[in-house]
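# Reading the structure
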Amino acid sequence: MAIDCPYTGIVNYRQVALSFAQDFQEAGGSVLTNFEVEDIEMAKESPSRSEDGMKYPIIIRNTKGEEVRCQYVVTCAGLYSDRISELSGCNPNPRIVPFRGDYLILKPEKRYLVKGNIYPVPDSRFPFLGVHFTPRMDGSIWLGPNAVLAFKREGYRPFDFSARDIMDTIIKSGLIKLVFQNFSYGVNEMYKACFLSATVKHLQKFIPEITVTDILRGPAGVRAQALDRDGNLIEDFVFDGGVGDIGNRILHVRNAPSPAATSSLAISGMIVDEVQQRFKL
């Protein structure tokens, strides 16, 4: 049995993101890349003023010593949302635990087998969608992703490793409790990541004609999964600010549940409402 949804569409999300950036710039905004934030603090001297007299009391400083001054701050830092929020005095929890999702690619000669998006019924215990079939704008077909622990926050390859990131994950988050609570699920995901035949066996439930020789290993993504100290996966929005004067001028979006890309415009409206309420704008 299946549910047919003929109106499901696909987009090039890189193009969507670039369009958002263009809209922002046309509205007078600036986009700074390669700006790794190291500190967020209130100005110790009298806040600088622009020509219109507006105060800019917050200083955002990067690892190169460059500064940006602003009146209010909204952060949506994804894989680093917990660390960025701590800069303004927020509670370290929930912690971000990175989960890598590996994709497989269907060989071109077998693309005819997939005529649209095919999704399994998700396991309601987890925020992961399960392995699914995704046609892309260039005509390729992606199969996946799985969900395995990444050993680095930006660990897009299986052997990417960061001692700081993995120690944070093991010691400071509720990962150990999560593992014990869902041991069989985790082992199964790791097994499928290592052996293509295991993933193919799952894919054959939907398209029996697919074989191991029809697929290639593809790219991977990393999911920023928020996790509390008790090992519970956070599946709702988490907004935070901080303490003191700076906490009254910052909004940290610490968690935005999937599907964040699909729902990006609706989520942005929700964030704007939160900004107006918190900053009394």
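Heads up: these notes are all about the structure in this document. For clarity, every value in this text was computed on a predicted model and none was experimentally measured.

Cut-offs used in this document
Residues numbered from 1 in each chain as written. Predicted model: local features only at pLDDT ≥ 70, side-chain atom pairs only at ≥ 80, totals over all residues. Heavy atoms only, no water. Helix = DSSP H or I, 4+ residues; strand = E, 2+ residues; numbered from the N terminus. Buried < 20%, exposed > 50% of the residue type's maximum accessible area, 1.4 Å probe, protein only. Contact = heavy atoms within 4.5 Å. Areas by Shrake-Rupley, 256 points an atom, 1.4 Å probe, with all protein chains shown as cover. Lys, Arg positive; Asp, Glu negative; His and termini not counted. Charge placed at Lys NZ, Arg CZ, Asp CG, Glu CD. Pairing = 2+ DSSP bridges. Core = buried A, V, L, I, M, F, W, Y, C linked by side-chain atoms within 4.5 Å. Axes fitted to C-alpha atoms, helices over the stretch in contact; angles between N-to-C directions. Expected span 1.5 Å × (residues − 1). Polar contact = N/O pair within 3.5 Å; in protein donor to acceptor, adjacent residues only side chain to side chain. Salt bridge = Lys/Arg side-chain N within 4 Å of Asp/Glu carboxyl O.

Secondary structure summary: the protein contains eight helices and 13 strands in total. Seen along its three principal axes, the alpha-carbon backbone of the protein occupies a region of about 70 × 45 × 35 Å. Residues classed as buried in the protein amount to 36% of the 281 residues present. A fraction of 63% describes how many contacts in the protein between residues 6 or more apart in sequence connect residues 24 or more apart. Surface exposure of the protein reaches about 17000 Å², of which carbon and sulfur atoms provide 56%. The positive charge centre, built from 32 side chains, and the negative charge centre, built from 33, are 5 Å apart in the protein.

Neither face of strand S9 (residues 141-144) is exposed, since Ile141 and Leu143 on one face and Trp142 and Gly144 on the opposite face are all buried. Summarising the sheet, strand S7 (residues 95-106) and S9 pair through two bridges and their orientation is antiparallel. Across the sheet, residue leucine 104 finds its bridge partner in S9, namely leucine 143. Strand direction decides the pairing type here: strand S8 (residues 132-135) and S9, joined by four bridges, are antiparallel.

Attention now goes to the nonpolar core. Ranked by size, the top nonpolar core spans 14 residues in total, and within it Leu106, Val114, Phe133, Leu143, Ile207, Ile210 and Ile215 carry the most contacts. If you list the elements that add at least two residues to this core, you get S7, S9 and helix H6 (196-203). With three residues, the single largest contributor to this core is H6. Once residues within four sequence positions are removed from consideration, leucine 106 is found in contact with Arg111, Val114, Ile141, Leu143, Ile210, Asp214 and Ile215. In this structure, Phe99, Ala147, Leu175 and Leu233 belong to the second largest nonpolar core, which totals nine residues.

Spatially, three strands are ordered S1-S4-S5 in an open sheet, and the strand pairing comes out antiparallel. One side of each edge strand has no neighbouring strand; the edge strands of this open sheet are strand S1 (37-42) and strand S5 (67-70). Sheet twist, expressed as the mean angle between neighbouring strand axes with direction ignored, is 20°. Pairing of S1 with strand S4 (residues 58-62), which is carried by five bridges, proceeds in the antiparallel orientation. Its bridge partner lying in S4, glutamate 41 is registered against isoleucine 59.

The first and last C-alpha atoms of helix H1 (residues 13-26) sit 20 Å apart over 14 residues, in line with the 20 Å expected at 1.5 Å per residue. Where H1 begins, one side-chain oxygen reaches toward the backbone nitrogen of arginine 14, 3.1 Å away; that side chain belongs to asparagine 12. Following H1 by one or two positions, glycine 28 adopts a phi angle in the positive range, close to 105°.

So, on to the pattern of salt bridges. Under the counting rule described, the total for this entry stands at 17 salt bridges. A salt bridge links aspartate 160 to arginine 157, with the nearest nitrogen and oxygen atoms 3.1 Å apart. Residue aspartate 160 is classed as buried on the basis of its relative accessible area of 11%. Accessibility expressed as a relative area gives 58% for arginine 157, which makes it exposed. Between aspartate 240 and arginine 254 there is a salt bridge, and its shortest N-O distance comes to 3.0 Å. Note that aspartate 240 is positioned in strand S12 (residues 238-240) and arginine 254 in strand S13 (residues 250-255), a separation of 14 residues in sequence.

Moving on to the sheet that holds S13. Strand pairs in the sheet, formed through backbone hydrogen bonds, run parallel or antiparallel to each other. If you walk across this open sheet you meet the three strands as S6-S13-S12, and the pairing is mixed. Of all the strands in the sheet, the pair left with one neighbour each is strand S6 (73-75) and S12. Ignoring which end each strand starts from, the neighbouring axes of this sheet average 15° apart. Note that S6 and S13 share three bridges and pair parallel. Bridge assignment links threonine 75 to a residue of S13, and that residue is histidine 252.

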